[in-house]
Amino acid sequence: MEINEAQEQSFRILEKINNKNNAKHEPDSIFISLVEEVGEVARELSKKQKNTKRGDFNKEELADELSDIISRTLVIAEDNKIDMDKAFTEKLKKIKKRFNLD
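Calculation rules
Residues numbered from 1 in each chain as written. Predicted model: local features only at pLDDT ≥ 70, side-chain atom pairs only at ≥ 80, totals over all residues. Heavy atoms only, no water. Axes fitted to C-alpha atoms, helices over the stretch in contact; angles between N-to-C directions. Helix = DSSP H or I, 4+ residues; strand = E, 2+ residues; numbered from the N terminus. Parallel < 35°, antiparallel > 145°, perpendicular 65-115°, else oblique. Left-handed = near helix turned anticlockwise from the far one by under 90°. Contact = heavy atoms within 4.5 Å. Nonpolar A, V, L, I, M, F, W, Y, C, P; charged D, E, K, R; others polar. 1 Å grid on protein atoms, 1.4 Å probe; cavity = no way out; pocket = protein on both sides within 12 Å on 5 of 7 lines; lining within 4 Å. Points joined across faces, edges and corners; volume = space filled by probe spheres on them.

Q: Describe in detail the packing of helix α2 (residues 27-46) against helix α3 (residues 59-79), supporting the description with residues and values.
A: It is the contact of α2 with α3, at a shortest axis distance of 9 Å, that shows an interaxial angle of 160°. Taken together, the axes of α2 and α3 are roughly antiparallel relative to one another. Between α2 and α3 lies a crossing of left-handed hand. Contacts from Pro27, Ile30, Phe31, Ser33, Leu34, Glu37, Val38, Glu40, Val41, Glu44 and Leu45 of α2 reach α3 at Glu61, Leu62, Glu65, Leu66, Asp68, Ile69, Arg72, Thr73, Val75, Ile76 and Asp79. Partitioned by chemical class, the residues of the contact of α2 with α3 number twelve nonpolar, two polar and eight charged.

This is the structure we're talking about:
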């Protein structure tokens with residue numbers, strides 16, 4: 001799946017959820033949700049540390065939480081009319097140039 005396709009699908013799914021729950025799309029709440037998801041990734045990764053009492057690391061749970069981050073990020077991009085295919089391609093070019101990786 002291309003990034004722009006995932007972006008459109010993420011936004012449409014959010015709209016359907018909001019319509020189903022009679023909720024209004026609030027861009028600020030999407031950012032707050034993104035930050036919450038980052039915390040959930042941190043919690044799952046912390047389980048890989050020795051001497052943790054947070055339970056056992058679960059790779060599937062980590063994948064799920066990372067997917068939540070991507071979805072929220074793409075909705076923020078859609079809210080701001082950002083072409084993430086283009087933006088991500090340009091970012092990779094900048095990184096390669098900065099570190100002389102071409």
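From this point on, the discussion continues.
Q: I'd like a rundown of the layout of surface pockets, residues and numbers included.
A: If you add up the space inside the largest pocket, you get close to 190 Å³. For the largest pocket, the lining is made up of 14 residues, of which Ser10, Ile13, Leu14, Ser71 and Val75 are closest to its centre. For the lining of the largest pocket, the elements supplying multiple residues, two or more each, are α1 (3-20), α2 and α3. Considering each element in turn, the lining of the largest pocket owes the most residues, six residues, to α1. Of the residues in the lining of the largest pocket, the class split is nine nonpolar, four polar and one charged.

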